[in-house]
Amino acid sequence: MLSDTVYVLFNILKMFDYIEEILSTLKKNKLRAVMTGFSVAWGIFMLIILLGSGNGLQNGMEFNFRNIAKNAIQIWPGRTSENFEGLGKGRSVQFTNEDYDLMKRELSGIDDISGRLYLWSDVAITFEKQYANYTVTCVMPEFINIRLMDIVKGRFINHMDIKENRKVIVLSQTIVDMLFKETEPLGEYVKVGGIYFQVVGVLSNPTDKNSKDAILPLSTGQRVFNGANRLSNLALTTTSTTVEANKQIEEEIRGFLAKRHRFSTTDQEAIYVWNTLESFKQAQGVFAGIRMFVWVIGIMTIIAGIVGVSNIMIILVKERTKEIGIRKAIGATPWSVVLLVLSESLFITAVAGLVGMLFGMGILHIASTVLTNVAATNETIRFIFYNPSANFGVAISATVLLVVAGLLAGFIPARKAAGIKPIEALHDE
Amino acid sequence: MSNSIIRVEALHKSYVNGSNSLHVLKGIDMDIQRGEMVSIMGSSGSGKSTLLNILGILDNYDAGSYHLDDIHITKMNETKAAQYRNKYIGFVFQSFNLISFKNAMENVALPLYYQKVSRKKRNNVAMEYLERMGLREWAHHLPSELSGGQKQRIAIARALISKPKVILADEPTGALDSQTSMEVMEILKEVNQTGIAIIIVTHENDIANQTQRIIRLRDGVIESNHINHSFKLESVEVN
Ligand SMILES: Nc1ncnc2c1ncn2[C@@H]1O[C@H](COP(=O)(O)OP(=O)(O)O)[C@@H](O)[C@H]1O
Ligand SMILES: [Mg+2]
């Protein structure tokens, strides 16, 4: 155990010794080493910046999906565009509670499901003397698991509300701020289209501070506002997390609805389906493509760097012919000469690469800080470009790339150095 | 173990340049004893350096045989050659061949680097050798800050540090004035006193006369090989 420790320490010391030997030769060629390293530094810098920006764009894109479950599927009714079983095209499809009940009962793979009824656009909501027009939506309690909203105060619609057709309402913080000013909203009554509803909860939308939602229990909405059993659309989440499985469930739903409403499953206009996971993965795919492209550019820049380092190293080796000849005469093996040159090129690329990497990360950090400050006053930036950063994985990959680059750059010069004949090297003076 | 450190028999060496072949060494026989100090003389182009390169395992020979410390030196890979050089041979060159960006101490210590001796240790040893050469206070100077005589003494210290069996010196005083040449020869003789064989290539009689034996080369063959009587005389005089 002790001897192991001593051995390790000994090797670390030897390591320093070795680095010292490399540095002594590099010191002589400081400027050139710096110049050479620049292209490598630039390559890594670009790579980090571009990858970080890609991440920033992706974060922005993903932010758009924060207010919806990743495996949500939403279905809007449309108008048939194909003749089907003797029925002419152009029929409009109307969803009802029956669709909801049957889908919930018959289809597997559905986790949460909610019908949604929009009241005629812009209903006046009034509290005391304050009033404003908003879109009112009637939903089931499960809706909050599909469209993700934060409950700031109180609660969301629950099953008792549905069962007893309670006249309750949940409002966005923005609406509350406008109607209630200083008054505590929970328990107060607001008039919606002339009928009183009690406020039971306050919501905020995680992607949009300014969203204005007024939400009623579906059953109450249908009854009070003459909705009968009609539904504006259907929203659900699936029990699965893969695109394939979600696509499968989507097809089953389409088939089910096609049979019930008598339209062709190939009819693209009878219903419209928004499959979140598919869109999400597609968007992610785009970013994977961008990332790939960035790596290609970065690697090409670094290859240019490798060629540069290699060229300079060849010149350095040529200039050091005599020195290497001397080393060989006094006992340097070809392998030790190879190591000498390889470690020098490795050292140049590693240091340069590290500098490039740190600069890149630094700039990303600054950009990130600035964006956070901007986002504090202007939310929209969050949807476009946010928190651009190169993660640990990128740093590791870049480091591996650098080591490979250094070794590649040193390969030819090292072979040239190993091939130096001491008698020829020592001959000239 | 025989008493010869270097034994060469019927050694031939040609330089081949495309279709031209230059036969430089044409059958050399030579036997250098342990601890002996020998000079090799001959006109320019007679093959002295070629012979010394072969003895130093810096170059291959074509025919004949070469034994170093009773080991038959044949064509070997470079790694092995480097190890033999490091272990058995110290080189001293006319042009010193110090590494310009390393200071005196680092230059002297370099052979020990290739023996994997730690830096602290090899620098300490290098300081001892510099001390012996009277150059302790110059340890941290670069070669460019030193005189020719000082540089050659550093080169000798470097040749000695790996405790070689033989030192091969190719015109070690060729670039020095006569005063400095004599100082360097004194050092080499002192080194020889410690039992290390020394082979000096020179074309100066003054230098050759200070060695125990003088071998004369002419056109790739040994013209004469005899004990230097003036060396004995001088020794007697000194005593
Ligand atoms: N690497 C080489 N390739 C071809 N010819 C060489 C080489 N080295 C030396 N020679 C030739 O071999 C001959 C002997 O050279 P050298 O051994 O250096 O002689 P010296 O050291 O005695 O002056 C010379 O003619 C020289 O031109
Ligand atoms: Mg010569």
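Structure: see above.
Residues numbered from 1 in each chain as written. Chains lettered and ligands numbered in written order. Predicted model: local features only at pLDDT ≥ 70, side-chain atom pairs only at ≥ 80, totals over all residues. Heavy atoms only, no water.

Novice: What's the story with the environment of Ala-283 of chain A in this structure? I'm lost.
Specialist: All names here are of chain A. Tracing the sequence through the fold places Ala-283 in helix α9 (residues 276-319). Since its relative accessible area comes to 16%, Ala-283 is described here as buried. Taking the C-alpha atoms as reference points, Ala-283 and Met-61, 222 residues apart in sequence, are found 7.6 Å from one another. (Helix = DSSP H or I, 4+ residues; strand = E, 2+ residues; numbered from the N terminus. Buried < 20%, exposed > 50% of the residue type's maximum accessible area, 1.4 Å probe, protein only.)

Novice: Any chance you could explain the packing of helix α8 (residues 243-261) of chain A against α9 of chain A here in plain terms?
Specialist: What describes two packed helices is the angle between their axes and the distance between those same axes. Residue and element names in this part refer to chain A. For the pair α8 and α9, interaxial distance at closest approach is 9 Å and the crossing angle is 145°. Read as a crossing pair, α8 and α9 show a hand that is left-handed. Contact residues: α8 offers Val-243, Asn-246, Lys-247 and Glu-250, while α9 offers Leu-277, Glu-278 and Lys-281. The residue inventory of the contact of α8 with α9, partitioned by class, reads 2 nonpolar, 1 polar and 4 charged. (Axes fitted to C-alpha atoms, helices over the stretch in contact; angles between N-to-C directions. Left-handed = near helix turned anticlockwise from the far one by under 90°. Contact = heavy atoms within 4.5 Å. Nonpolar A, V, L, I, M, F, W, Y, C, P; charged D, E, K, R; others polar.)

Novice: Please clarify how the packing of helix α2 (residues 30-63) of chain A against helix α13 (residues 392-418) of chain A should be interpreted in this entry.
Specialist: Residue and element names in this part refer to chain A. Remark: α2 packs on α13, axes separated minimally by 11 Å, with the N-to-C direction vectors making an angle of 155°. By the angle between their axes, α2 is roughly antiparallel relative to α13. As for the relative orientation of α2 and α13, their crossing is right-handed in sense. Residues Val-40, Ile-44, Leu-47, Ile-48 and Leu-51 of α2 form the contact with α13, whose participating residues are Val-394, Ala-398, Leu-401 and Leu-402. (Parallel < 35°, antiparallel > 145°, perpendicular 65-115°, else oblique.)

Novice: Explain the interface of chain B and chain A here, please?
Specialist: For interface size, the figure often reported is the accessible area lost on association. In this assembly, 27 residues from chain B lie in contact with 26 residues from chain A. Interface of chain B and chain A: buried area, both sides summed, is about 2,400 Å²; carbon and sulfur atoms make up 61% of it. On the chain B side of the interface with chain A, the three residues burying the most area are Glu-78, Phe-101 and Tyr-114 of chain B, jointly 27% of the side's total. Here chain B is connected to chain A by 1 salt bridge. Measuring nitrogen to oxygen at the nearest pair gives 3.2 Å for the salt bridge that ties Lys-328 of chain A to Glu-78 of chain B. Inspection of the chain B/chain A interface yields 6 residue pairs in polar contact (both at pLDDT 80 or more). (Buried area = accessible area lost by both parts, 1.4 Å probe. Salt bridge = Lys/Arg side-chain N within 4 Å of Asp/Glu carboxyl O. Polar contact = N/O pair within 3.5 Å; in protein donor to acceptor, adjacent residues only side chain to side chain.)

Novice: Help me out: how do you make sense of the pattern of salt bridges in this one?
Specialist: Oppositely charged side chains can form a pair if their charged atoms are brought close together. According to the stated counting rule, one finds 23 salt bridges over all chains in the structure shown. Across the pair Arg-327 of chain A and Glu-323 of chain A runs a salt bridge whose closest N-O atoms are separated by 2.7 Å. Residue Arg-327 of chain A and its partner Glu-323 of chain A are located together in helix α10 (residues 321-329), separated by 4 residues, close to a single helical turn. According to the relative accessible area criterion, Arg-327 of chain A is buried, its value standing at 0%. Glu-323 of chain A gets classed as buried once you look at its relative accessible area, which sits at 7%. A salt bridge links Arg-136 of chain B to Glu-131 of chain B, with the shortest nitrogen-to-oxygen separation between them at 2.9 Å. Relative accessible area serves as the criterion here: at 40%, Arg-136 of chain B is assigned to the partly exposed category. The exposure class of Glu-131 of chain B is partly exposed, given its relative accessible area of 47%. Three or more residues are tied together by salt bridges with common partners; here these are Arg-7, Glu-9, Arg-34, Asp-69, Asp-70 and Lys-165 of chain B.

Novice: Would you explain the nonpolar core in this entry?
Specialist: Nonpolar side chains in soluble globular proteins generally cluster together in the buried interior. Formed by 83 residues in total, the largest nonpolar core has its most connected members in Ile-6, Leu-51, Leu-55, Tyr-66, Leu-68 and Ile-199 of chain B. Residue contributions to this core peak at 10 residues, all from α13 of chain A. In contact with Ile-6 of chain B, other than residues within four places in its own chain, are Met-30, Asp-31, Ile-32, Leu-55, Tyr-66, His-67, Leu-68, Val-166 and Ile-199 of chain B. Counting 68 residues, the second largest nonpolar core, distinct from the first, contains Met-61, Ile-146, Phe-180 and Phe-256 of chain A. (Core = buried A, V, L, I, M, F, W, Y, C linked by side-chain atoms within 4.5 Å.)

Novice: So what exactly am I meant to see when it comes to the layout of surface pockets here?
Specialist: Empty space among the atoms becomes apparent when a probe as large as a water molecule is rolled across them. If you add up the space inside the largest pocket, you get close to 950 Å³. Looking at the lining of the largest pocket, the elements that each hand over two or more residues are α14 (422-427) of chain A together with β1 (4-17), α1 (48-55), α2 (78-88), β6 (89-93) and β7 (166-170) of chain B. In terms of residue count, α14 of chain A provides more of the lining of the largest pocket than any other element does, 5 residues in total. Classifying every residue of the lining of the largest pocket by side-chain character gives 14 nonpolar, 10 polar and 9 charged. (1 Å grid on protein atoms, 1.4 Å probe; cavity = no way out; pocket = protein on both sides within 12 Å on 5 of 7 lines; lining within 4 Å. Points joined across faces, edges and corners; volume = space filled by probe spheres on them.)

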